[in-house]
Every structure is written in C-alpha cells, then in structure tokens.
Amino acid sequence: MTTPHDPTPLSDDALRWQLRALRQDTPPSRDLWPDIAAKLAAAPAPTVAPVRPHRRVAPFALAASVLLAVTMTWQLQRTPEGDALIQREAAAMTRDYTGALAQMDAQAKASADYAPALHALDQSAAEIRHAIATDPQARFLLDQLRRTYARRLALTQRAVMT
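Residues numbered from 1 in each chain as written. Predicted model: local features only at pLDDT ≥ 70, side-chain atom pairs only at ≥ 80, totals over all residues. Heavy atoms only, no water.

### A few points about the overall build of the chain
Phase 1 of the analysis: Helix and strand content of the chain: six helices and zero strands.
Phase 2 of the analysis: When the helices and strands of the chain are placed in sequence order, the string is α-α-α-α-α-α.
Phase 3 of the analysis: Relative to its 162 residues, the chain shows a buried fraction of 17%.
Phase 4 of the analysis: Within the chain, contacts between residues at least 6 apart in sequence are counted, and of these 75% link residues at least 24 apart.
Phase 5 of the analysis: Surface exposure of the chain reaches about 13,400 Å², of which carbon and sulfur atoms provide 61%. (Helix = DSSP H or I, 4+ residues; strand = E, 2+ residues; numbered from the N terminus. Buried < 20%, exposed > 50% of the residue type's maximum accessible area, 1.4 Å probe, protein only. Contact = heavy atoms within 4.5 Å. Areas by Shrake-Rupley, 256 points an atom, 1.4 Å probe, with all protein chains shown as cover.)

### Some words on the nonpolar core
Phase 1 of the analysis: M93, I132, L142, L145 and Y149 are the most contacted members of the largest nonpolar core, which totals 15 residues.
Phase 2 of the analysis: Among the secondary structure elements, those contributing two or more residues to this core are α4 (82–109), α5 (115–134) and α6 (139–161).
Phase 3 of the analysis: Of the residues forming this core, the biggest block, six residues, is contributed by α4.
Phase 4 of the analysis: Setting aside residues up to four positions removed in sequence, L142 forms contacts with I86, E89, A90, M93 and I132.
Phase 5 of the analysis: Residues Y114, L118, L121 and A159 belong to the second largest nonpolar core, which totals five residues. (Core = buried A, V, L, I, M, F, W, Y, C linked by side-chain atoms within 4.5 Å.)

### Notes on α6
Phase 1 of the analysis: Counted at 1.5 Å a residue, the expected span for α6 with its 23 residues is 33 Å, and the 34 Å between its end C-alpha atoms agrees.
Phase 2 of the analysis: Burial in α6 covers these residues: L141, L142, L145, T148, Y149, R152, L153, L155, T156 and A159. (Expected span 1.5 Å × (residues − 1).)

### Some points on the side chain of T94
Phase 1 of the analysis: When you line up the elements, T94 lands in helix α4.
Phase 2 of the analysis: Residue T94 is classed as buried on the basis of its relative accessible area of 15%.
Phase 3 of the analysis: A polar atom in the side chain of T94 sits 2.8 Å from the backbone oxygen of A90.
Phase 4 of the analysis: Ignoring any residue separated from it by four or fewer positions in sequence, one finds T94 in contact with R129, L145 and Y149. (Polar contact = N/O pair within 3.5 Å; in protein donor to acceptor, adjacent residues only side chain to side chain.)

### Looking at the packing of aromatic side chains
Phase 1 of the analysis: Here the structure, examined in full by the defined rule, presents zero aromatic pairs.
Phase 2 of the analysis: The ring of W17 carries the charged tip of R20 above its face, separated from the ring centre by 5.3 Å. (Phe/Tyr/Trp six-rings, centres within 6.5 Å; stacked < 30°, edge-to-face > 60°. Lys NZ or Arg CZ within 6 Å of the ring centre and 35° of its normal.)

### Looking at the environment of Q144
Phase 1 of the analysis: Structurally, Q144 can be placed in helix α6.
Phase 2 of the analysis: On the basis of relative accessibility, which here comes to 27%, the residue Q144 falls in the partly exposed class.
Phase 3 of the analysis: A sequence separation of 16 residues divides Q144 from I128, and the C-alpha atoms of the two residues are 7.5 Å apart.
Phase 4 of the analysis: For Q144, the side chain forms a polar contact with the side chain of R147, separated by 2.6 Å.

### Quick word on the pattern of salt bridges
Phase 1 of the analysis: Tallying each qualifying case throughout the model produces five salt bridges.
Phase 2 of the analysis: Here R16 ties to D13 by a salt bridge, and the two come within 3.3 Å at their closest N and O atoms. Taken together, the residues R16 and D13, both in helix α1 (residues 12–22) and three residues apart, mark about one turn of the helix.
Phase 3 of the analysis: With a shortest N-O distance of 3.5 Å, R139 and E89 are connected by a salt bridge. With R139 in helix α6 and E89 in helix α4, the pair connects residues that are 50 residues apart, well separated along the chain.
Phase 4 of the analysis: Since its relative accessible area comes to 42%, R139 is described here as partly exposed.
Phase 5 of the analysis: Its relative accessible area of 26% is what places E89 among the partly exposed residues. (Salt bridge = Lys/Arg side-chain N within 4 Å of Asp/Glu carboxyl O.)

What follows is the structure, encoded as structure tokens:
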C-alpha cells in the first residue's frame, strides 16, 4: 500500500500488523441489559391459540386410510381390460383400412414406382400387429399402426392418381 507521503509499498505482514492495530474493542458506556429487560416486560404477551382436540379428526383419518387401502387392493386385483381393448381396436382398424385399400389396390399395384414403398408399409403394419399381439398394453403401438395405415392409404391414393 502506498500513501502520498510514503512511496514505498508495504509488505503483506506489515499491512496485517497495521490492520490489527486499528481494531479496538470498546465496551458500551453503560449496562444495556436493564433497558432491554424493561422493554421485554412492557411488551404484551403473545396470545396462544386454544388447542383443539384432535379426537374429532381421528375417525375421519382412519376411515380415509381404510378407504384408500381397499381401493388400492381392488385396483391391483382387477384384470386388465386394456389387453383385449387395444387388440380389438387394432383388428377393427385393420379391417377398415383393408376395405378402403381393396378398392384402390389393383390400380396402385400396377404402378411399379410405388410397389416397393407399398410393400414396405404393408410389412411394417404386419410387424406392428405382431408387436401388439406380443405386448397388448402398449398403447403407442396402436398409434403407430394408425400412422402406418394412414401413410399406406395416402400413398395408394397418390399411386392411383398418377
């Protein structure tokens, strides 16, 4: 540290000693505790809310717990109906698209440009149907089958129009 009167810099140790010399603990001129005690005594006591007995809530809490346990047990023991539902939806979708495609397929297959793509989409649909049969709870497979059939129908329509 350089001051205007002393151009020589101070070392770290010298600076530390000077900073320690500046620190002085000064006690208060009088005892502060009597004033603090008087203010605490003069302050109004906080009001405490009356404690309500929890006996009225206990039967309702017990009933809610029993209801929750019964509901969870019932839900876990139910047979999953989603298996048959997804398979039925996939079968209905296949029937609908097969019927729609049957009318245009003869004309679309005549176009050699679209035949490989149509075959690939048919193969994909068959693989998705097999996956649904393997894992009937996979709802995303039903959405994938729907998208595949929509692409197949759009490509068939394009092949018929050209």
